[in-house]
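Letter by letter, the chains look like this.
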Amino acid sequence: MARIIVVDDVKDACLLLKKILERKGHEVFTFTDEDEAIEFASQNPVDLAILDIKLKRMIGVELLAELKKILPSLKAVMLTGYPSVETARDSLKKGASEYLVKPVDKHELEETVEAVLKEK
């Protein structure tokens, strides 16, 4: 079981990911506000962050950089409905392990999360 934060500006998207990941036994915390996610990560252990690229005030890559300052070993999966080579490259450069395109297939999400959590 891992502790996972999910940050997306769409609450329903957060809840869907939470439902999928909790069925796999993970503890999932969802946020639509970037600052609340940063505060949570600064006060709680987190194994994995699943971050939407398009958020309310930041882009997901900026949030990833902020979270990495707090938790340097944090693993991350980026999600986007607007894929581009630039955002994929920037995400991986900032430390994301994977980059998935919405709508994400349930099995693809589960497999990606398990693979990223096994990374050392």
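From a predicted model like this one, the values you see are computed outputs, not experimental measurements.

Caption draft 1: Structural view of the UniProt feature "modified residue: 4-aspartylphosphate" (unreviewed entry) in the chain. Using the residue numbers shown here, the UniProt feature "modified residue: 4-aspartylphosphate" (unreviewed entry) corresponds to Asp52. If you trace the backbone, Asp52 turns up in strand S3 (residues 48–52). Judged by relative accessible area, Asp52 falls into the buried class, the value being 4%. Setting aside anything within four residues of it in sequence, one finds Asp52 in contact with Val7, Asp8, Asp9, Gly60, Leu79, Thr80 and Lys102.

Caption draft 2: Region of interest: the pattern of salt bridges. This model, assessed by the stated rule, comprises 10 salt bridges. Residues participating in the shared-partner salt-bridge network are Asp33, Glu34, Asp35 and Arg57.

Caption draft 3: Summary view of a negative patch on the surface. Side chains of Glu98, Asp105, Glu108, Glu111 and Glu119 sit close together on the surface and give a patch of like negative charge. Take Glu111: it is sitting in helix H5 (residues 106–118). Overall, Glu111 belongs to the exposed group, its relative accessible area being 58%.

Caption draft 4: A look at the packing of helix H1 (residues 11–23) against H5. Orientation of H1 relative to H5, taken along the N-to-C sense of each, is 60°, at an axis distance of 11 Å. Between H1 and H5, the angle falls in the class oblique. Here H1 runs over H5; the crossing is right-handed. Packed against H1, whose contacting residues are Leu17, Ile20 and Leu21, the element H5 presents Lys106, Leu109, Glu110 and Val113 at the interface. In terms of residue class, the contact of H1 with H5 is built from 5 nonpolar, no polar and 2 charged.

Caption draft 5: Seen up close, the packing of helix H2 (residues 34–43) against helix H3 (residues 60–70). As a packed pair, H2 and H3 sit with axes 9 Å apart at the nearest point and diverge in direction by 20°. As judged from the angle between their axes, H2 and H3 are roughly parallel. Note that H2 runs across H3; the crossing there is right-handed. Contacts between H2 and H3 pair Glu34, Ala37, Ile38, Ala41 and Ser42 from the former with Leu63, Glu66, Leu67 and Ile70 from the latter. Partitioning the contact of H2 with H3 into residue classes produces 6 nonpolar, 1 polar and 2 charged.

Caption draft 6: Spotlight on the nonpolar core. One finds Ile5, Val7, Leu51, Leu63, Leu67 and Met78 to be the most contacted residues of the largest nonpolar core, which totals 24 residues. Every element with two or more residues in this core is listed here: strand S1 (3–7), H2, S3, H3 and strand S4 (75–80). Apart from the residues lying within four places of it in its own chain, the contact partners of Leu67 are Ile5, Ala37, Ile38, Ala41, Ala49, Leu51 and Leu74. Listed in part, the 16 residues of the second largest apolar core include Cys14, Leu17, Leu21 and Val28.

Reading the values: rules and limits
- Residues numbered from 1 in each chain as written.
- Predicted model: local features only at pLDDT ≥ 70, side-chain atom pairs only at ≥ 80, totals over all residues.
- Heavy atoms only, no water.
- UniProt positions renumbered as here; feature names shortened; annotations may be inferred.
- Helix = DSSP H or I, 4+ residues; strand = E, 2+ residues; numbered from the N terminus.
- Buried < 20%, exposed > 50% of the residue type's maximum accessible area, 1.4 Å probe, protein only.
- Contact = heavy atoms within 4.5 Å.
- Salt bridge = Lys/Arg side-chain N within 4 Å of Asp/Glu carboxyl O.
- Patch = residues over 30% accessible without salt bridge, like charges linked within 9 Å, V, L, I, M, F, W, Y side chains within 5 Å.
- Areas by Shrake-Rupley, 256 points an atom, 1.4 Å probe, with all protein chains shown as cover.
- Lys, Arg positive; Asp, Glu negative; His and termini not counted.
- Charge placed at Lys NZ, Arg CZ, Asp CG, Glu CD.
- Axes fitted to C-alpha atoms, helices over the stretch in contact; angles between N-to-C directions.
- Parallel < 35°, antiparallel > 145°, perpendicular 65-115°, else oblique.
- Left-handed = near helix turned anticlockwise from the far one by under 90°.
- Nonpolar A, V, L, I, M, F, W, Y, C, P; charged D, E, K, R; others polar.
- Core = buried A, V, L, I, M, F, W, Y, C linked by side-chain atoms within 4.5 Å.

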